[in-house]
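Residue strings, one per chain:
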Amino acid sequence: MSEPTAPSVPPTPPVPLSALLAREDLGLRQIAGPPAPDTVIHWAHTSEMADPYPYLLGGELLLTAGVHVPEAAGAGAYFEDYVSRIVAAGGAALGFGLAPVHDAVPRALVAACEAYGLPLLEVPPRTTFSGVARAVWQLMAQARLAELRRVTEAQQSLAAAASRPDPVPSVLRQLAQRLSAHALLYAPDGTVIASAGRAPVPGTREALRKLTAVVRPGAVTEPGAPTGPAEATDPAREAGPVGPPGPGDQAATADRRRERRTPTAAASSAGSEGHPTTPPEPGPTRATPTSATDALGDTQLAAYALGGSSGFVLGVATRRREPADHTIASVAAVLLSLLTGEHQSGAGAARSSALVRLLLGAVPAEVAGLLGTGGRWLVVHARPENGTPDPVGAAALGAALGSPLIDLGRDVVRVLVPAGREPAAQPGWTLGVGAPAEPDGWPAADAQAARALARARATRAPLVRHGARPGLTELVPRADAEEHARVLLAPLAGGPALTETLRTWLSLHGSWDRTAVALDVHRNTVRQRITRCAALLDTDLDDPDVRMELWFALRSH
């Protein structure tokens, strides 16, 4: 037989009790219990039952005219039992109507509500219970409208962030701003690859890291971490109505009421160290949940799995949980899934097979057919305009260029793109594109793309293509051109840096500053290297004929 569990509050927007008290047309007055700003209500319910426990879901404003109160109830025992049952059921507040039964709220009821921490409202004779319920519904409608407006605005801002040149950091920043939270993106290995938002309280990152193991496929849950989507339960509620708690249990009773007002937690309730209060029970293996929540003191934690089995996880830490927070975070999780997810398909298996064959000694020409297109490819070198490339940004760039074949270097991202897909300039990136090449020409195309990127950075162009027009090299047999280049450039054979500096300097029409930018060196270093080249070659580099001959040789080198 299954154990009874604490019922959830109705799925309605919470309404602050203070908003109901602010309605002048109702004339409600709080006469006992904790301050109104600390209380929210989810429902309004009228009952004249002496024991309302079986009829409450939790979170209600219970309205009564005191018809059920016996004449001999003034001693206080009746009201203590009555209030304790409301608190045990999770009632949020009690409204007592004046007239026609009672001219004033019984003092014993006021004392009982004060003792058990239950807000008590005095309802004047002119205010009907149906009027109070209607006001609650109106406030709920306003709250729902505000919630929908907040979600819509967040969706629009998150979608706009996803279209920026740095989509993943932008989405995280927007999410952190919308939720006043600290947001982190975890890689499949559990490392943080991006974060945004206010600095969290100490221990938050460690608690979030443990929570991510709950939703990451194949992860081993660490001791002390929540174990999955188990709603917090109330031991007193599970035990059934065995009797009213005493005034000394006021704090524990208030805690149970607060737990029942936040029933959507997907992980076990946590204490100050983020550990669940109830250990998991042994049972059949459950499917990995897609989201989980926990708490670290007053900080609310949430983790969302991205892209099914990709292993990326979104972590969010907020100081308070608003009704629309989960929806907004879920929108961000979907966008981040699209930005980080790798498509699992036959093409992915073919690429894996190609990699294995290369590692086992195959040449590129033998495995090129496994990549799914024709034999000619473009090599693209890309560098972000700000900062250094990261894995997520590189993946987004590859998706924009239409290729999953990405190599993330320290400063440069290299992408292998089918020749039929013409690369276009990408916001936030500087691109260099090599000439279309067969697999045996990929190393040369790689060098061309590197030079094109250097030129693009020097000229501040978003994209530069190598060999955009037919040149002199097409008029001379390749073997002859290579032999001529070998002889002419032989004095520079011992210094690769000299050869590359000369190539870049000539391509930029002898500009010292732009060459320095392209090579990431000081302009004086460029001058020294060019002077050294002129001395080794024993020629005048200011002569345009010399420059033309050297450029021809460097193109064939």
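Asks: Can you walk me through the packing of aromatic side chains in this structure?
Replies: One pair of aromatic rings is described through two measures. These are the centre distance and the angle between the planes. Per the stated rule, a full pass over the model turns up five aromatic pairs. Aromatic side chains Y78 and Y82 sit 6.4 Å apart centroid to centroid with 5° between the ring planes, which places their arrangement in the stacked category. Of this pair, Y78 and Y82 both sit in helix α2 (residues 77-88), separated by four residues, roughly a single helical turn. Taking the centre distance of 6.3 Å and the plane angle of 85° together, the rings of W377 and W442 count as edge-to-face. With W377 in strand β13 (residues 377-384) and W442 in helix α13 (residues 442-459), this pair connects stretches of sequence that are 65 residues apart.

Asks: Just to check I follow, could you spell out the sheet that holds strand β17 (residues 463-465) for this structure?
Replies: Across a sheet, strands are paired by hydrogen bonds formed along the backbone, either parallel or antiparallel in direction. Across the sheet, five strands lie side by side as β14-β15-β13-β16-β17; this open sheet has mixed pairing. Unpaired on one side and paired on the other, β14 (406-408) and β17 mark the two borders of the sheet. The sheet shows a mean angle of 15° between the axes of neighbouring strands, taken without regard to direction. Note: β13 against strand β16 (residues 429-433), five bridges, orientation antiparallel. Among the inter-strand pairings, A382 is bridged to a residue of β16, identified as L431. Along the sheet face, α13 touches β13, β15 (413-418), β16 and β17 and points at about 35° away from the line of β13.

Asks: Looking at this structure, how should I read the sheet that holds strand β7 (residues 120-123)?
Replies: Taken together, the five strands give an open sheet; going across it, the order is β2-β7-β6-β5-β4, and neighbouring strands pair in mixed fashion. Of all strands in the sheet, those bounded by a partner on one side alone are β2 (29-32) and β4 (43-46). Strand-to-strand twist in this sheet, taken as the mean axis angle between neighbours without regard to direction, amounts to 30°. Sitting on the sheet, helix α3 (residues 107-116) is in contact with β2, β6 (93-97) and β7, with an inclination near 80° to β2.

Conventions used here
Residues numbered from 1 in each chain as written. Predicted model: local features only at pLDDT ≥ 70, side-chain atom pairs only at ≥ 80, totals over all residues. Heavy atoms only, no water. Phe/Tyr/Trp six-rings, centres within 6.5 Å; stacked < 30°, edge-to-face > 60°. Helix = DSSP H or I, 4+ residues; strand = E, 2+ residues; numbered from the N terminus. Pairing = 2+ DSSP bridges. Axes fitted to C-alpha atoms, helices over the stretch in contact; angles between N-to-C directions. Contact = heavy atoms within 4.5 Å.

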